[in-house]
Amino acid sequence: MEKITAIRGFKDILPRDASVFREVESIARQVFTSFGFKEIRVPIIEKTELFKRSIGETTDIVEKEMYTFADRDNENITLRPEATASVIRAYIEHNMSAAEQITKLFTIGPMFRRERPQKGRFRQFNQIDVELFGDDKPQSDAEVIFMLMHFLISAGLNSLQLEINSLGCNSCRPLFSKAIVDFLKGSEKNLCPDCQRRIHTNPLRVFDCKVETCAATIAQAPVILDFLCDNCKDHFGQVKSFLNDLEMPFVINARMVRGLDYYTKTAFEVKTNALGAQNAVAGGGRYNGLVSFLGGPEVPGIGFAVGFERLVACLPEDENNNFKTDLFIAALGAKAQKIAFGLTNRLRVAGISAEMDYADKSLKAQMKRADKLNSSFALIFGDKEIEEKQVLLRNMQTKNQQTVPLDGLLESIIKIIKER
Ligand code: HAM
(Lines give C-alpha, C1' and ligand atoms only; values in the text may rest on other atoms or scores of the structure.)
Protein backbone atom coordinates (compact mmCIF):
# COMPACT_ATOMS: atom_id res chain seq x y z
CA MET A 1 0.00 0.00 0.00
CA GLU A 2 1.16 3.52 -0.70
CA LYS A 3 1.88 5.35 2.54
CA ILE A 4 0.03 8.49 3.52
CA THR A 5 2.33 11.27 4.64
CA ALA A 6 1.71 14.50 6.57
CA ILE A 7 0.70 17.57 4.55
CA ARG A 8 3.57 19.77 3.32
CA GLY A 9 4.46 22.38 5.93
CA PHE A 10 2.75 20.43 8.73
CA LYS A 11 5.16 18.93 11.18
CA ASP A 12 4.97 16.24 13.84
CA ILE A 13 6.40 17.19 17.21
CA LEU A 14 8.06 13.96 18.28
CA PRO A 15 8.22 12.84 21.94
CA ARG A 16 11.72 14.24 22.51
CA ASP A 17 10.71 17.68 21.24
CA ALA A 18 7.31 17.49 22.93
CA SER A 19 9.03 17.23 26.29
CA VAL A 20 11.07 20.36 25.47
CA PHE A 21 7.83 22.11 24.45
CA ARG A 22 6.30 21.13 27.78
CA GLU A 23 9.25 22.46 29.71
CA VAL A 24 9.22 25.79 27.82
CA GLU A 25 5.46 26.04 28.37
CA SER A 26 5.90 25.62 32.07
CA ILE A 27 8.55 28.38 32.14
CA ALA A 28 6.14 30.62 30.18
CA ARG A 29 3.32 29.98 32.66
CA GLN A 30 5.62 30.67 35.58
CA VAL A 31 7.01 33.94 34.14
CA PHE A 32 3.68 35.24 32.87
CA THR A 33 1.92 34.44 36.15
CA SER A 34 4.40 36.52 38.12
CA PHE A 35 3.68 39.42 35.78
CA GLY A 36 -0.07 38.97 36.42
CA PHE A 37 -1.10 37.31 33.13
CA LYS A 38 -3.84 34.66 33.10
CA GLU A 39 -4.33 31.88 30.60
CA ILE A 40 -7.19 31.93 28.11
CA ARG A 41 -7.95 29.23 25.54
CA VAL A 42 -9.73 30.26 22.37
CA PRO A 43 -10.98 28.24 19.38
CA ILE A 44 -8.64 27.58 16.48
CA ILE A 45 -11.38 28.38 13.96
CA GLU A 46 -13.12 31.75 13.75
CA LYS A 47 -15.32 33.59 11.28
CA THR A 48 -13.13 34.73 8.38
CA GLU A 49 -14.33 38.29 8.83
CA LEU A 50 -12.55 38.52 12.21
CA PHE A 51 -9.11 38.11 10.66
CA LYS A 52 -9.88 40.17 7.57
CA ARG A 53 -10.96 43.10 9.67
CA SER A 54 -8.15 42.93 12.26
CA ILE A 55 -5.04 41.82 10.37
CA GLY A 56 -5.98 43.87 7.29
CA GLU A 57 -7.43 42.95 3.87
CA THR A 58 -4.23 43.82 2.02
CA THR A 59 -1.69 42.01 4.19
CA ASP A 60 0.06 38.89 2.90
CA ILE A 61 -1.60 36.86 5.64
CA VAL A 62 -5.13 37.74 4.56
CA GLU A 63 -4.48 37.97 0.83
CA LYS A 64 -2.50 34.76 0.41
CA GLU A 65 -1.99 32.70 3.52
CA MET A 66 -5.25 31.96 5.29
CA TYR A 67 -6.81 28.53 5.37
CA THR A 68 -10.36 29.58 4.66
CA PHE A 69 -13.23 27.19 4.02
CA ALA A 70 -16.91 27.33 3.42
CA ASP A 71 -18.46 25.38 6.29
CA ARG A 72 -21.27 22.95 5.50
CA ASP A 73 -23.78 25.73 6.00
CA ASN A 74 -21.69 27.95 3.71
CA GLU A 75 -20.41 30.21 6.46
CA ASN A 76 -16.83 31.32 5.76
CA ILE A 77 -14.49 30.11 8.48
CA THR A 78 -10.71 30.34 8.86
CA LEU A 79 -8.06 28.41 10.76
CA ARG A 80 -6.54 31.16 12.87
CA PRO A 81 -3.31 32.61 11.43
CA GLU A 82 -2.58 34.33 14.74
CA ALA A 83 -4.16 34.63 18.18
CA THR A 84 -4.55 38.37 18.82
CA ALA A 85 -7.82 38.69 16.88
CA SER A 86 -9.35 35.69 18.65
CA VAL A 87 -8.28 36.88 22.11
CA ILE A 88 -9.79 40.31 21.41
CA ARG A 89 -12.98 38.69 20.14
CA ALA A 90 -13.22 36.73 23.39
CA TYR A 91 -12.34 39.84 25.44
CA ILE A 92 -15.22 41.71 23.83
CA GLU A 93 -17.67 38.80 23.85
CA HIS A 94 -17.19 38.16 27.57
CA ASN A 95 -17.23 41.84 28.43
CA MET A 96 -13.92 41.51 30.25
CA SER A 97 -13.32 45.25 30.28
CA ALA A 98 -16.23 45.59 32.74
CA ALA A 99 -14.64 43.18 35.20
CA GLU A 100 -11.25 44.84 35.52
CA GLN A 101 -9.61 47.93 34.13
CA ILE A 102 -6.49 46.12 33.02
CA THR A 103 -6.78 42.60 31.62
CA LYS A 104 -3.66 40.53 31.06
CA LEU A 105 -4.06 37.33 29.05
CA PHE A 106 -1.90 34.68 27.42
CA THR A 107 -2.65 31.72 25.21
CA ILE A 108 -0.56 28.93 23.73
CA GLY A 109 -1.46 26.90 20.67
CA PRO A 110 -1.27 26.20 16.95
CA MET A 111 -1.63 28.82 14.20
CA PHE A 112 -1.99 28.23 10.46
CA ARG A 113 -0.50 30.19 7.57
CA ARG A 114 -0.15 28.89 4.04
CA GLU A 115 3.36 30.28 3.56
CA ARG A 116 6.13 28.68 1.52
CA PRO A 117 7.56 26.09 3.93
CA GLN A 118 11.26 26.38 4.70
CA LYS A 119 13.57 26.10 7.71
CA GLY A 120 11.79 27.77 10.64
CA ARG A 121 8.64 28.41 8.61
CA PHE A 122 5.72 26.00 8.75
CA ARG A 123 2.10 26.03 7.73
CA GLN A 124 1.06 24.89 11.17
CA PHE A 125 3.19 26.36 13.94
CA ASN A 126 2.69 27.15 17.60
CA GLN A 127 2.70 30.52 19.26
CA ILE A 128 2.93 31.68 22.82
CA ASP A 129 0.75 34.77 22.66
CA VAL A 130 0.37 37.53 25.25
CA GLU A 131 -2.07 40.45 25.27
CA LEU A 132 -2.52 43.33 27.73
CA PHE A 133 -5.70 45.40 27.52
CA GLY A 134 -6.70 48.66 29.17
CA ASP A 135 -3.51 50.65 29.55
CA ASP A 136 -1.93 53.04 27.07
CA LYS A 137 0.97 54.15 29.23
CA PRO A 138 4.53 53.56 27.97
CA GLN A 139 5.24 51.59 31.14
CA SER A 140 2.97 48.85 29.78
CA ASP A 141 4.99 48.72 26.56
CA ALA A 142 8.20 48.40 28.57
CA GLU A 143 6.64 45.84 30.94
CA VAL A 144 5.49 43.59 28.11
CA ILE A 145 8.81 43.83 26.24
CA PHE A 146 10.77 43.23 29.45
CA MET A 147 8.65 40.18 30.27
CA LEU A 148 9.16 38.79 26.75
CA MET A 149 12.94 39.12 27.01
CA HIS A 150 12.98 37.70 30.53
CA PHE A 151 10.94 34.72 29.33
CA LEU A 152 13.16 34.04 26.31
CA ILE A 153 16.30 34.21 28.44
CA SER A 154 14.72 32.01 31.15
CA ALA A 155 13.85 29.47 28.44
CA GLY A 156 17.56 29.25 27.60
CA LEU A 157 17.98 31.58 24.61
CA ASN A 158 20.96 33.83 24.20
CA SER A 159 22.39 36.23 21.60
CA LEU A 160 19.03 37.89 21.20
CA GLN A 161 18.54 41.24 19.56
CA LEU A 162 15.54 43.35 20.54
CA GLU A 163 14.46 45.76 17.79
CA ILE A 164 11.90 48.47 18.39
CA ASN A 165 10.15 51.06 16.28
CA SER A 166 7.10 53.29 16.44
CA LEU A 167 4.47 52.99 13.73
CA GLY A 168 2.69 56.20 14.68
CA CYS A 169 -1.06 56.64 14.94
CA ASN A 170 -4.01 57.59 12.77
CA SER A 171 -2.99 61.20 12.79
CA CYS A 172 0.70 60.88 11.81
CA ARG A 173 0.88 57.64 9.83
CA PRO A 174 -1.12 58.95 6.82
CA LEU A 175 1.56 61.64 6.32
CA PHE A 176 4.21 58.95 6.28
CA SER A 177 2.20 56.78 3.86
CA LYS A 178 1.89 59.74 1.53
CA ALA A 179 5.65 60.35 1.74
CA ILE A 180 6.26 56.70 0.79
CA VAL A 181 3.88 56.94 -2.17
CA ASP A 182 5.67 60.11 -3.32
CA PHE A 183 9.05 58.47 -2.85
CA LEU A 184 8.08 55.41 -4.88
CA LYS A 185 6.67 57.46 -7.74
CA GLY A 186 8.88 56.86 -10.74
CA SER A 187 10.42 53.70 -9.21
CA GLU A 188 7.43 51.45 -9.92
CA LYS A 189 9.36 49.49 -12.53
CA ASN A 190 11.85 48.36 -9.85
CA LEU A 191 9.09 46.88 -7.76
CA CYS A 192 7.52 43.43 -7.94
CA PRO A 193 3.91 43.26 -9.20
CA ASP A 194 2.66 42.86 -5.61
CA CYS A 195 4.43 46.03 -4.47
CA GLN A 196 3.28 47.96 -7.54
CA ARG A 197 -0.23 47.15 -6.36
CA ARG A 198 0.64 47.85 -2.70
CA ILE A 199 1.61 51.46 -3.53
CA HIS A 200 -2.10 52.06 -4.02
CA THR A 201 -3.54 49.74 -1.38
CA ASN A 202 -1.07 49.65 1.53
CA PRO A 203 2.23 51.42 0.80
CA LEU A 204 3.86 50.50 4.15
CA ARG A 205 3.78 46.85 3.14
CA VAL A 206 6.56 47.52 0.60
CA PHE A 207 8.93 47.66 3.61
CA ASP A 208 8.04 44.04 4.32
CA CYS A 209 8.69 42.72 0.81
CA LYS A 210 11.46 40.14 0.52
CA VAL A 211 12.03 40.68 -3.25
CA GLU A 212 15.57 42.03 -3.63
CA THR A 213 14.77 44.96 -5.95
CA CYS A 214 11.90 46.05 -3.69
CA ALA A 215 14.13 45.87 -0.60
CA ALA A 216 16.84 47.87 -2.39
CA THR A 217 14.36 50.52 -3.52
CA ILE A 218 12.69 50.98 -0.15
CA ALA A 219 16.07 51.07 1.66
CA GLN A 220 16.43 54.72 0.60
CA ALA A 221 12.88 55.70 1.57
CA PRO A 222 12.01 58.11 4.41
CA VAL A 223 11.42 56.45 7.78
CA ILE A 224 8.35 56.75 9.99
CA LEU A 225 10.25 58.05 13.01
CA ASP A 226 10.70 61.36 11.16
CA PHE A 227 6.93 61.71 10.79
CA LEU A 228 5.68 60.96 14.31
CA CYS A 229 3.30 63.44 15.92
CA ASP A 230 4.27 64.88 19.30
CA ASN A 231 2.16 62.40 21.20
CA CYS A 232 3.69 59.35 19.44
CA LYS A 233 7.18 60.83 19.69
CA ASP A 234 6.76 61.39 23.42
CA HIS A 235 5.35 57.87 23.93
CA PHE A 236 8.25 56.29 22.04
CA GLY A 237 10.77 58.36 23.99
CA GLN A 238 9.28 57.18 27.27
CA VAL A 239 9.23 53.54 26.18
CA LYS A 240 12.95 53.80 25.42
CA SER A 241 13.58 55.50 28.73
CA PHE A 242 11.70 52.82 30.72
CA LEU A 243 13.59 50.09 28.87
CA ASN A 244 16.82 51.83 29.79
CA ASP A 245 15.67 51.96 33.41
CA LEU A 246 15.20 48.19 33.25
CA GLU A 247 18.66 47.86 31.67
CA MET A 248 17.12 46.20 28.66
CA PRO A 249 19.32 46.68 25.59
CA PHE A 250 17.56 47.40 22.29
CA VAL A 251 18.25 48.75 18.83
CA ILE A 252 15.96 50.95 16.80
CA ASN A 253 14.88 49.51 13.48
CA ALA A 254 13.11 52.41 11.80
CA ARG A 255 12.20 50.22 8.81
CA MET A 256 10.33 47.57 10.76
CA VAL A 257 6.62 47.73 9.89
CA ARG A 258 5.44 44.23 11.02
CA GLY A 259 3.26 42.03 8.84
CA LEU A 260 -0.10 42.92 10.36
CA ASP A 261 -1.98 46.19 9.87
CA TYR A 262 -3.34 46.72 13.38
CA TYR A 263 -0.29 48.21 15.05
CA THR A 264 -0.09 51.75 16.41
CA LYS A 265 2.89 53.34 18.16
CA THR A 266 5.34 50.75 19.56
CA ALA A 267 6.28 47.73 17.45
CA PHE A 268 9.03 45.27 18.30
CA GLU A 269 10.72 42.10 17.17
CA VAL A 270 13.25 39.80 18.76
CA LYS A 271 15.82 38.34 16.42
CA THR A 272 18.48 35.71 16.86
CA ASN A 273 21.34 34.68 14.64
CA ALA A 274 20.75 31.00 15.45
CA LEU A 275 17.91 30.65 12.93
CA GLY A 276 19.08 31.62 9.45
CA ALA A 277 16.68 33.52 7.22
CA GLN A 278 13.64 33.14 9.50
CA ASN A 279 15.37 34.98 12.31
CA ALA A 280 12.41 36.50 14.18
CA VAL A 281 11.68 34.47 17.27
CA ALA A 282 8.99 36.88 18.51
CA GLY A 283 7.14 39.99 17.44
CA GLY A 284 4.48 42.30 18.73
CA GLY A 285 3.32 45.81 19.36
CA ARG A 286 0.61 48.18 20.47
CA TYR A 287 -2.82 48.18 18.81
CA ASN A 288 -4.81 51.02 20.31
CA GLY A 289 -7.74 51.20 17.88
CA LEU A 290 -8.25 47.50 17.32
CA VAL A 291 -10.60 46.53 20.16
CA SER A 292 -13.15 49.18 19.13
CA PHE A 293 -12.59 48.38 15.45
CA LEU A 294 -13.71 44.83 16.26
CA GLY A 295 -16.87 46.14 17.91
CA GLY A 296 -15.63 46.49 21.49
CA PRO A 297 -15.08 49.42 23.79
CA GLU A 298 -12.41 52.06 23.25
CA VAL A 299 -9.67 50.06 25.01
CA PRO A 300 -5.96 50.19 24.15
CA GLY A 301 -3.92 47.01 23.85
CA ILE A 302 -0.42 45.70 23.42
CA GLY A 303 0.97 42.19 23.01
CA PHE A 304 3.39 39.84 21.35
CA ALA A 305 3.72 36.29 20.10
CA VAL A 306 6.69 33.97 20.31
CA GLY A 307 7.22 31.38 17.57
CA PHE A 308 7.40 28.20 19.63
CA GLU A 309 9.19 26.06 17.02
CA ARG A 310 11.74 28.81 16.40
CA LEU A 311 12.38 29.17 20.12
CA VAL A 312 12.92 25.42 20.51
CA ALA A 313 15.19 25.35 17.43
CA CYS A 314 17.49 27.87 19.19
CA LEU A 315 17.94 25.71 22.26
CA PRO A 316 21.01 23.53 22.53
CA GLU A 317 20.32 19.77 22.33
CA ASP A 318 19.82 18.53 25.86
CA GLU A 319 21.89 15.37 26.23
CA ASN A 320 20.11 14.56 29.47
CA ASN A 321 16.72 14.80 27.89
CA ASN A 322 16.35 11.03 27.82
CA PHE A 323 13.20 9.33 28.92
CA LYS A 324 13.66 7.20 32.00
CA THR A 325 11.89 4.07 33.18
CA ASP A 326 11.88 3.24 36.87
CA LEU A 327 11.75 -0.50 36.53
CA PHE A 328 12.05 -3.16 33.86
CA ILE A 329 10.71 -6.57 34.76
CA ALA A 330 12.60 -9.39 33.07
CA ALA A 331 10.30 -12.37 33.51
CA LEU A 332 11.40 -15.78 32.21
CA GLY A 333 8.81 -18.47 31.55
CA ALA A 334 5.04 -18.54 31.56
CA LYS A 335 4.52 -18.42 35.34
CA ALA A 336 6.87 -15.46 35.80
CA GLN A 337 5.32 -13.67 32.82
CA LYS A 338 1.88 -13.96 34.41
CA ILE A 339 3.07 -12.54 37.74
CA ALA A 340 5.03 -9.81 35.95
CA PHE A 341 2.01 -8.70 33.95
CA GLY A 342 -0.03 -7.99 37.08
CA LEU A 343 2.94 -6.43 38.84
CA THR A 344 3.84 -4.11 35.95
CA ASN A 345 0.36 -2.66 35.72
CA ARG A 346 -0.12 -2.33 39.50
CA LEU A 347 3.23 -0.51 39.76
CA ARG A 348 2.09 1.90 37.04
CA VAL A 349 -1.08 2.61 39.00
CA ALA A 350 1.17 3.42 41.97
CA GLY A 351 2.97 6.02 39.81
CA ILE A 352 6.03 3.97 38.99
CA SER A 353 7.00 3.67 35.33
CA ALA A 354 7.36 -0.03 34.72
CA GLU A 355 7.85 -2.03 31.55
CA MET A 356 8.15 -5.71 30.66
CA ASP A 357 8.53 -7.84 27.58
CA TYR A 358 5.51 -9.94 26.58
CA ALA A 359 7.46 -12.11 24.14
CA ASP A 360 9.28 -14.07 26.88
CA LYS A 361 12.63 -13.47 25.17
CA SER A 362 16.01 -14.57 26.54
CA LEU A 363 17.39 -12.85 29.64
CA LYS A 364 20.04 -11.17 27.50
CA ALA A 365 17.45 -9.73 25.10
CA GLN A 366 15.27 -8.52 27.96
CA MET A 367 18.21 -6.82 29.71
CA LYS A 368 19.09 -5.14 26.42
CA ARG A 369 15.61 -3.66 26.34
CA ALA A 370 15.96 -2.56 29.98
CA ASP A 371 19.08 -0.63 28.95
CA LYS A 372 17.34 0.84 25.93
CA LEU A 373 14.49 2.04 28.15
CA ASN A 374 16.99 3.72 30.47
CA SER A 375 15.70 1.72 33.43
CA SER A 376 16.87 2.58 36.89
CA PHE A 377 16.13 -0.95 38.16
CA ALA A 378 15.53 -4.39 36.70
CA LEU A 379 13.56 -7.09 38.46
CA ILE A 380 14.65 -10.54 37.32
CA PHE A 381 12.90 -13.84 37.94
CA GLY A 382 11.98 -17.20 36.47
CA ASP A 383 10.64 -20.55 37.70
CA LYS A 384 13.55 -21.06 40.11
CA GLU A 385 13.03 -17.73 41.87
CA ILE A 386 9.29 -18.33 42.12
CA GLU A 387 9.96 -21.68 43.76
CA GLU A 388 12.44 -20.10 46.19
CA LYS A 389 9.93 -17.27 46.77
CA GLN A 390 12.44 -14.52 46.18
CA VAL A 391 13.34 -12.44 43.14
CA LEU A 392 16.37 -10.42 42.10
CA LEU A 393 16.39 -6.62 41.96
CA ARG A 394 19.30 -5.05 40.10
CA ASN A 395 20.26 -1.40 40.32
CA MET A 396 21.13 -0.75 36.68
CA GLN A 397 23.54 2.05 37.47
CA THR A 398 25.58 0.57 40.33
CA LYS A 399 24.96 -3.04 39.18
CA ASN A 400 24.29 -3.93 42.84
CA GLN A 401 21.78 -6.74 43.29
CA GLN A 402 19.51 -7.63 46.17
CA THR A 403 16.90 -10.29 46.71
CA VAL A 404 13.33 -9.28 47.47
CA PRO A 405 10.75 -11.73 48.88
CA LEU A 406 7.97 -12.67 46.48
CA ASP A 407 5.43 -12.16 49.27
CA GLY A 408 4.54 -8.47 49.42
CA LEU A 409 6.64 -7.85 46.29
CA LEU A 410 4.50 -4.94 45.05
CA GLU A 411 4.79 -3.00 48.32
CA SER A 412 8.51 -3.75 48.68
CA ILE A 413 9.29 -2.53 45.15
CA ILE A 414 7.22 0.64 45.61
CA LYS A 415 9.08 1.35 48.86
CA ILE A 416 12.54 0.76 47.38
CA ILE A 417 11.91 2.86 44.28
CA LYS A 418 10.16 5.72 46.07
CA GLU A 419 12.79 5.89 48.80
CA ARG A 420 15.64 5.83 46.32
P1 HAM B 1 3.88 37.60 13.92
O2 HAM B 1 5.12 38.42 13.83
O3 HAM B 1 3.12 37.39 12.68
O4 HAM B 1 2.97 38.31 15.01
O5 HAM B 1 4.22 36.19 14.54
C6 HAM B 1 4.91 36.08 15.78
C7 HAM B 1 5.98 35.01 15.70
O8 HAM B 1 5.41 33.77 15.27
C9 HAM B 1 7.08 35.28 14.67
O10 HAM B 1 8.07 36.12 15.21
C11 HAM B 1 7.63 33.87 14.44
O12 HAM B 1 8.54 33.51 15.47
C13 HAM B 1 6.39 33.01 14.57
N14 HAM B 1 5.88 32.63 13.23
C15 HAM B 1 5.13 33.39 12.39
N16 HAM B 1 4.87 32.71 11.26
C17 HAM B 1 5.46 31.51 11.37
C18 HAM B 1 5.56 30.35 10.53
N19 HAM B 1 4.95 30.29 9.34
N20 HAM B 1 6.27 29.28 10.98
C21 HAM B 1 6.87 29.31 12.19
N22 HAM B 1 6.80 30.36 13.03
C23 HAM B 1 6.12 31.46 12.62
C24 HAM B 1 1.73 37.88 15.36
O25 HAM B 1 1.27 36.81 15.08
C26 HAM B 1 0.99 38.83 16.27
N27 HAM B 1 -0.34 38.25 16.55
C28 HAM B 1 1.76 39.08 17.54
C29 HAM B 1 1.04 40.01 18.47
C30 HAM B 1 0.37 39.69 19.59
N31 HAM B 1 0.95 41.32 18.32
C32 HAM B 1 0.24 41.83 19.31
N33 HAM B 1 -0.14 40.83 20.08
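What you see is a predicted model, and the numbers here were worked out from it, not measured in a lab.

A. Main features of the site of the ligand. Near the ligand, the surroundings consist of 27 residues, among which Glu-82, Glu-115, Phe-122, Tyr-263 and Ala-280 are the closest. Residue Glu-115 places a side-chain N or O atom 2.7 Å away from a nitrogen atom belonging to the ligand. Contact between the ligand and Arg-258: an oxygen atom at 2.9 Å from a side-chain N or O atom of the residue. Out of a free accessible area of 660 Å², the ligand has 96% covered by protein chains. Those elements that provide at least two residues to the shell around the ligand are β6 (124-133), β10 (280-286) and β11 (301-307).

B. Examining the packing of aromatic side chains more closely. Per the stated rule, a full pass over the model turns up 14 aromatic pairs. Taken together, a centroid distance of 6.2 Å and an interplanar angle of 65° make the contact between Phe-133 and Tyr-287 edge-to-face. Note that Phe-133 is positioned in strand β6 and Tyr-287 in the loop between β10 and α11 (290-293), a separation of 154 residues in sequence. An angle of 65° between the planes, with centres 4.8 Å apart, marks the rings of Tyr-262 and Tyr-263 as edge-to-face. Judged by relative accessible area, which is 7%, Tyr-262 ranks as buried. Taken together, Tyr-91, Phe-133, Tyr-262, Tyr-263 and Tyr-287 form an aromatic cluster joined through their ring pairs.

C. Inspection of the domain arrangement of the chain at higher detail. Entries for the chain in the domain assignment read domain 1 (15-172 + 228-314) and domain 2 (325-414). The C-alpha centroid of domain 2 is placed 51 Å from the C-alpha centroid of domain 1.

D. Representation of the sheet that holds β6 in the model. With mixed pairing, eight strands are arranged side by side in an open sheet as β1-β5-β6-β11-β10-β9-β7-β8. Pairing within the sheet leaves two strands with one partner each, and these edge strands are β1 (38-39) and β8 (251-252). In this sheet, strand β9 (residues 264-272) lies alongside strand β7 (residues 160-166) in antiparallel orientation, the contact comprising seven bridges. The partner of Gln-161 across the bridge, within β9, is Lys-271. Here helix α1 (residues 15-34) sits on the sheet in contact with β1, β5 (103-112), β6 and β11, set at roughly 5° to β6.

E. Structural view of the pattern of salt bridges. Under the criterion given, the structure shown has 28 salt bridges. Here Asp-261 ties to Arg-205 by a salt bridge, and the two come within 2.5 Å at their closest N and O atoms. Highlighted residues: Asp-261 in the loop between β8 and β9 and Arg-205 in the loop between α8 (193-201) and α9 (212-218), separated in sequence by 56 residues. Since its relative accessible area comes to 5%, Arg-205 is described here as buried. A salt bridge links Lys-271 to Glu-269; the nearest nitrogen and oxygen atoms lie 3.9 Å apart.

F. Fine view of the pairing of strand β12 (residues 325-331). By the criterion of burial, β12 is predominantly enclosed, with seven of the seven residues buried. Taken together, the six bridges between β12 and strand β14 (residues 375-381) define a ladder with parallel strand orientation. By the bridge assignment, Ile-329 is partnered in β14 with Leu-379. Direction of pairing for β12 relative to strand β13 (residues 354-356): parallel, over a ladder of three bridges. Bridging across to β13, Phe-328 finds its partner in Glu-355.

Parameters at a glance
Residues numbered from 1 in each chain as written. Predicted model: local features only at pLDDT ≥ 70, side-chain atom pairs only at ≥ 80, totals over all residues. Heavy atoms only, no water. Near = heavy atom within 4 Å. Polar contact = N/O pair within 3.5 Å; in protein donor to acceptor, adjacent residues only side chain to side chain. Areas by Shrake-Rupley, 256 points an atom, 1.4 Å probe, with all protein chains shown as cover. Helix = DSSP H or I, 4+ residues; strand = E, 2+ residues; numbered from the N terminus. Phe/Tyr/Trp six-rings, centres within 6.5 Å; stacked < 30°, edge-to-face > 60°. Buried < 20%, exposed > 50% of the residue type's maximum accessible area, 1.4 Å probe, protein only. Domains from an automatic or database assignment. Pairing = 2+ DSSP bridges. Contact = heavy atoms within 4.5 Å. Axes fitted to C-alpha atoms, helices over the stretch in contact; angles between N-to-C directions. Salt bridge = Lys/Arg side-chain N within 4 Å of Asp/Glu carboxyl O.

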